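Structure at a glance
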Amino acid sequence: MEFPRKQKLTVLGASGSIGASTLDVVLQHPERFEVVALSGHARVDELSRLCLIHRPRYAVVADAGDAKRLAADFTAAGLATEVLAGPAALEEVAALDEVDTVMAAIVGAAGLAPTLAAVRAGKRVLLANKEVLVMAGALFMAEVQRSGAQLLPIDSEHNAVFQSLPADYSGSFVAKGVRRILLTASGGPFLDTPLAQLAGVTPLQACAHPNWVMGRKISVDSATMMNKGLEVIEAHWLFNAPAERIEVVIHPQSVIHSLVEYVDGSVLAQLGNPDMRTPIAHALAYPERIAAGVAPLDLFAIGQLNFSRPDLLRFPCLPLAYQALSAGGSAPTLLNAANEIAVAAFLDGRLPYLRIADTIVAILAEIPAVAVPDLAAVKAIDEQARSAAKAVVARWQK
Ligand code: NAD
Ligand code: MG
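Quick notes on the rules
Residues numbered from 1 in each chain as written. Chains lettered and ligands numbered in written order. Predicted model: local features only at pLDDT ≥ 70, side-chain atom pairs only at ≥ 80, totals over all residues. Heavy atoms only, no water. Pairing = 2+ DSSP bridges. Helix = DSSP H or I, 4+ residues; strand = E, 2+ residues; numbered from the N terminus. Axes fitted to C-alpha atoms, helices over the stretch in contact; angles between N-to-C directions. Contact = heavy atoms within 4.5 Å. Domains from an automatic or database assignment. Buried area = accessible area lost by both parts, 1.4 Å probe. Salt bridge = Lys/Arg side-chain N within 4 Å of Asp/Glu carboxyl O. Polar contact = N/O pair within 3.5 Å; in protein donor to acceptor, adjacent residues only side chain to side chain. Nonpolar A, V, L, I, M, F, W, Y, C, P; charged D, E, K, R; others polar. Donors = N, O, S within 2.8 Å, 3.2 Å for Na, K, Ca; no water. Buried < 20%, exposed > 50% of the residue type's maximum accessible area, 1.4 Å probe, protein only. Near = heavy atom within 4 Å. Areas by Shrake-Rupley, 256 points an atom, 1.4 Å probe, with all protein chains shown as cover.

The next point concerns the sheet that holds strand β10 (residues 256-262). Ordered in space as β9-β8-β10-β11, the four strands form an open sheet in which the pairing is mixed. Sheet topology places β9 (246-250) and β11 (267-271) at the edges, where each strand pairs with a single neighbour. Put simply, the sheet's adjacent strands are angled 20 degrees from each other on average, direction ignored. Packed onto the sheet, helix α7 (residues 156-164) meets β8 (178-185), β10 and β11 and runs at close to 40 degrees relative to β10.

Moving on, we come to the domain arrangement of the protein. You'll often see interface size given as the accessible area lost when the parts meet. Splitting the protein by domain gives domain 1 (7-153), domain 2 (154-275 + 295-320) and domain 3 (328-398). Using only C-alpha atoms to locate each centre, domain 1 and domain 2 end up separated by 26 Å. Across the contact, 17 residues belong to domain 1 and 18 residues belong to domain 2. A combined buried area of about 1,400 Å² lies between domain 1 and domain 2, and 72% of that area is made up of carbon and sulfur atoms. When the buried area of domain 1 at its contact with domain 2 is split by residue, Lys 130, Val 134 and Pro 153 rank highest and sum to 46% of it. On inspection of domain 1 and its partner domain 2, the count reaches three salt bridges. Salt-bridge contacts for Glu 231 lead to Lys 130; the nearest nitrogen and oxygen are separated by 2.8 Å. Counting the contacts that link domain 1 with domain 2 gives seven residue pairs in polar contact (both at pLDDT 80 or more). When contributions to the side of domain 1 that touches domain 2 are tallied by element, the ones reaching two or more residues are α1 (17-28), β6 (124-127), α6 (131-147) and β7 (150-153). Tallying contributions element by element places α6 first for the side of domain 1 that touches domain 2, with six residues. In terms of residue class, the side of domain 1 that touches domain 2 is made up of 13 nonpolar, two polar and two charged.

With that settled, consider the coordination of the magnesium ion (ligand 2). Within the protein, Asp 155 (OD), Glu 157 (OE) and Glu 231 (OE) serve as the donor atoms for the magnesium ion (ligand 2), at 2.1 to 2.2 Å. Counting residues between consecutive donors of the magnesium ion (ligand 2) along the chain gives the motif D-x1-E-x73-E. Within this pair, whereas Asp 155 is found in the loop between β7 and α7, its partner Glu 231 is found in helix α11 (residues 226-239), the two being separated by 76 residues in sequence. Accessibility classification places Asp 155 together with Glu 231 in one group, the buried group.

Turning to its location among the elements, Ser 39 is positioned in strand β2 (residues 33-41). With relative accessibility at 2%, the residue Ser 39 sits in the buried group. Here the side chain of Ser 39 touches Gly 13 through a polar contact of 2.8 Å, landing on its backbone nitrogen. Other than its neighbours up to four places away in sequence, Ser 39 contacts Val 11, Leu 12, Gly 13, Ala 14, Ser 15, Leu 47, Val 60, Leu 90 and Ile 106.

Moving on, we come to the site of ligand 1. For ligand 1, the set of nearby residues contains 23 residues, the closest of which are Ser 15, Ser 17, Ile 18, Glu 131 and Gly 215. A distance of 3.2 Å is found between an oxygen atom of ligand 1 and a backbone nitrogen or oxygen belonging to Gly 16. Between Glu 131 and ligand 1, the recorded distance is 2.7 Å, taken from a side-chain N or O atom to an oxygen atom. Here ligand 1 has 830 Å² of accessible area as a free molecule, and 89% of this is covered by the chains. Residue classes in the shell around ligand 1 are distributed as 11 nonpolar, eight polar and four charged. Domain assignment of the residues forming the shell around ligand 1 places at least three in each of domain 1 (7-153) and domain 2 (154-275 + 295-320).

The structure is reproduced here in structure tokens:
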């Protein structure tokens, strides 16, 4: 099939797990998509490999020295890709006139500024980077409203909710007869680990997710279930959903990606194999459907689906996220910053696993939640929480 004009893409976080899945789908549809810019931060070799395949106009790395070396390699290889460096370049490639769609797949708070730049430029924004909605949800959604950007969720749960809501859903549960959103959670690698063993678990064990292959930060978040907590906050902002109408259901098979319950008792869900190429292909082609390279769901092989309530003693990060959401203002910004610092320390082998939740408790207790009128306030609170969390982590260092 011929398309009048290819969809032009910037992929922020191209060198990561979501980046890889995105570019895999793109490669399956060369007639539809053209890659204009790719960012790779410190993973320069992976970015270089991707540039040789996709031949973008721009590549962005973190470090100016890396940019120089990469540019020399590209010249030698006869590749015209221009190599840029630093956070300002990320914002630049997110807002380029020629770009239609931006995949926001940087991990953590570092994704906020470039994702906002894409929103402000009115792009179609495919949002994987949930931390931006957790740290600055109200301001982010206000920018989406103001600019008319189209925001499509990539997180598998939110993509499933989006698909299960009416096509003309515009933020009112009441108007559309929606009663609840049910977010499914696999329970991660420690769902059945005896509680007494959790104190000693290693980063390698925490990153060994039973169903999904993901970056290291989100893998640890999945082990602690902070990932589901962040997703509750993400769902609140994306769908204007009251916290008490978002319920988390443990579903170890990760086949039902989430559900929407209506007042008449109907429950709509989206199912599929746990492969991020499905939500990515959905959002890339929306409202059309394209192949994602994902095997058809084999219900006969799966046999049964199970559900249970999350054990809040095992997963204290989940109630912490609800607590931050109901406190409002800067509380989710504090939660996110403390979690990022604690998870990084755990991954470095500097913090015991159970201290991740303790760090967040300490920061939420130490720094009072205040209103966040603008982005400068978000940034200041984020920085304050990060340095306070580093001090807490240093006290508990292994
Ligand atoms: P990843 O660690 O595999 O990739 C992260 C990307 O961000 C890489 O390209 C990395 O180079 C870049 N990056 C890291 N630090 C940066 C910084 N300071 N500045 C600029 N770029 C930086 O992570 P991932 O698993 O691909 O996750 C990306 C985002 O998508 C996260 O917010 C995660 O929560 C979300 N997400 C991921 C999955 C998944 O299946 N992997 C599913 C749902 C949501
Ligand atoms: Mg998810």
